[in-house]
Amino acid sequence: MAVRRSRLELVFDILLAIQNKGGRIKPTHLMYKSNLSHKLLNGYLEELLQKELILLEEEPVKKKRRPLKVVRITDKGLSFLAEFRRMREFTDAFGL
Amino acid sequence: MFRLFFTPGWFNGYDLLFNSVGLVVALLIAAYSWRVYKFNRENRFMYFSLAFLLVSISLAFKIFTSGVLYYFPVRETVYQVIGPAAGPGLRYSALFYRAGFFFQMASMLGAWLVIFFVSQKSRARLTKFYELSQIGLFVYLLLLISVISNFKYVVFYLTSSVLLSLIVLNYYKNYITTKKNSALKVMAAFLFILAGNLISVFLFLQNGSYVVGEILTLVGFLILLQTYRQVVRR
């Protein structure tokens, strides 16, 4: 059985999914990549927006009236990813 | 003058230098673990930080007590400070040294015990009542051992070796699970510290074993430092 992800691990998975897509991703893709429900993802995105780890942008699309919503990772978000990787390495090394 | 055991005279001072290296390494790991605790608020990191803080406290006590024993000027200064309390001719100086060695041993054994508990994989560890009561019992036993070790130092090195063996076993399991180079290094580091303690058990046969024991312990701390740098610089 898979281990339940902690809150921080979920945040890491969300940010990693954005980084793996070149720093910007559509919310629907993010939902699939991070394996979260729509409701849960929205909750997390709000929190990440407040903490300035991500940005929500709207990009105009040709032949479409509604602009495309994208989630973009900030420099602070990238630093969080780096710090989390170090933390995980420390955890694995010292068996914590 | 009170001596717990006799060490080769030419080595006096070098061991304090080695212990200072260990103290710095322990403080670095304690500080990083505390930082991780502040980041994710998971108790195991706080306990791990506490364990390495205890290692550094133990080494600080060892450096201070041995420094006073080795160096005359330091002894004189300490005499000036504690002289009025210790009585004429420092009648209670043995008590001072015994207290120094007691705190050194109690905090080192406490540190190994906490590392042993924390390195056992369980998320619920150290939060349940029965686990905490077990720790309470262990703490009592460690304090008792630390008192007895003041009269028979071999008890300290033997207890330390038993705890370190259990830690090495946990880190071996961790390496098997993670297959990471850093996990292997941590296991190797504790293996060296264990070897250092085991060799020190034979101080009663040959006081040169103290030198070998201290060198092996230093190697252990240097491997820990290298692993710490590898992890943090990533």
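Basis of the calculations
- Residues numbered from 1 in each chain as written.
- Chains lettered and ligands numbered in written order.
- Predicted model: local features only at pLDDT ≥ 70, side-chain atom pairs only at ≥ 80, totals over all residues.
- Helix = DSSP H or I, 4+ residues; strand = E, 2+ residues; numbered from the N terminus.
- Buried ≥ 20, exposed ≤ 12 C-beta atoms within 10 Å, placed from the backbone.
- Contact = placed C-beta atoms within 7 Å.
- Nonpolar A, V, L, I, M, F, W, Y, C, P; charged D, E, K, R; others polar.
- Core = buried A, V, L, I, M, F, W, Y, C linked by C-beta atoms within 7 Å.
- Pairing = 2+ DSSP bridges.
- Axes fitted to C-alpha atoms, helices over the stretch in contact; angles between N-to-C directions.

K.L.:
What exactly am I supposed to notice about the overall build of chain B here?
P.N.:
Broken down by element type, chain B carries eight helices and zero strands. Ordered by position from N to C terminus, the α and β elements of chain B give α-α-α-α-α-α-α-α. When burial is assessed residue by residue, chain B has 39% of its 234 residues classed as buried. In chain B, the proportion of contacts linking residues at least 24 apart, taken out of those at least 6 apart, comes to 72%.

K.L.:
Please explain the interface of chain B and chain A as it appears in this structure.
P.N.:
The parts lose accessible area when they come together, and the size of an interface is often stated as this lost area. If you look at the interface, chain B gives 21 residues, while chain A gives 11 residues. Put simply, the parts of the chain that give the side of chain B that touches chain A at least two residues each are α1 (14-40), α2 (43-70), α6 (154-178), α7 (181-200) and α8 (209-232) of chain B. Partitioning the side of chain B that touches chain A into residue classes produces 11 nonpolar, seven polar and three charged.

K.L.:
Before we go on, may I ask you to explain the nonpolar core in this structure?
P.N.:
Taken as a class, soluble globular proteins show a tendency for nonpolar side chains to be buried jointly. Ranked by internal contacts, the top residues of the largest apolar core, which has 58 residues, are A51(B), W112(B), I167(B) and F190(B). Secondary-structure elements contributing two or more residues to this core are α4 (75-93) of chain A together with α1, α2, α4 (93-118), α6, α7 and α8 of chain B. Considering every element that reaches this core, the biggest residue donor is α4(B), with 13 residues. Among residues more than four places away in sequence, those in contact with I167(B) are W112(B), I115(B), F116(B), S119(B) and F190(B).

K.L.:
What am I meant to see in the sheet that holds strand β1 (residues 24-25) of chain A here?
P.N.:
Strand pairs in the sheet, formed through backbone hydrogen bonds, run parallel or antiparallel to each other. All names here are of chain A. Across the sheet, three strands lie side by side as β1-β3-β2; this open sheet has antiparallel pairing. Two strands close off the open sheet at either side, each with one partner strand: β1 and β2 (54-59). Both β2 and strand β3 (residues 68-73) contribute to a ladder of six bridges, which runs antiparallel. Looking across to β3, one finds that E58 is bridged to K69. The strands touched by helix α1 (residues 7-20) are β1, β2 and β3; relative to β3, the strand with the most contacts, the crossing angle is about 105°.

K.L.:
It is not clear to me how the environment of Q206(B) should be interpreted in this structure. Could you clarify?
P.N.:
Residue and element names in this part refer to chain B. Topologically, Q206 is positioned in the loop between α7 and α8. Classification of Q206 by C-beta neighbours within 10 Å gives exposed; the count is 12. Taking the C-alpha atoms as reference, Q206 lies 27 Å from L95; in sequence the two are 111 residues apart.

K.L.:
How should I be thinking about the environment of F61(B) in this particular structure?
P.N.:
Residue and element names in this part refer to chain B. By the element assignment, F61 lies in helix α2. Taking the C-alpha atoms as reference, F61 lies 6.8 Å from F103; in sequence the two are 42 residues apart. Ignoring anything within four residues of it in the chain, the contact list for F61 reads G100, F103, Q104 and S107.

In short, geometric facts, not functional conclusions.
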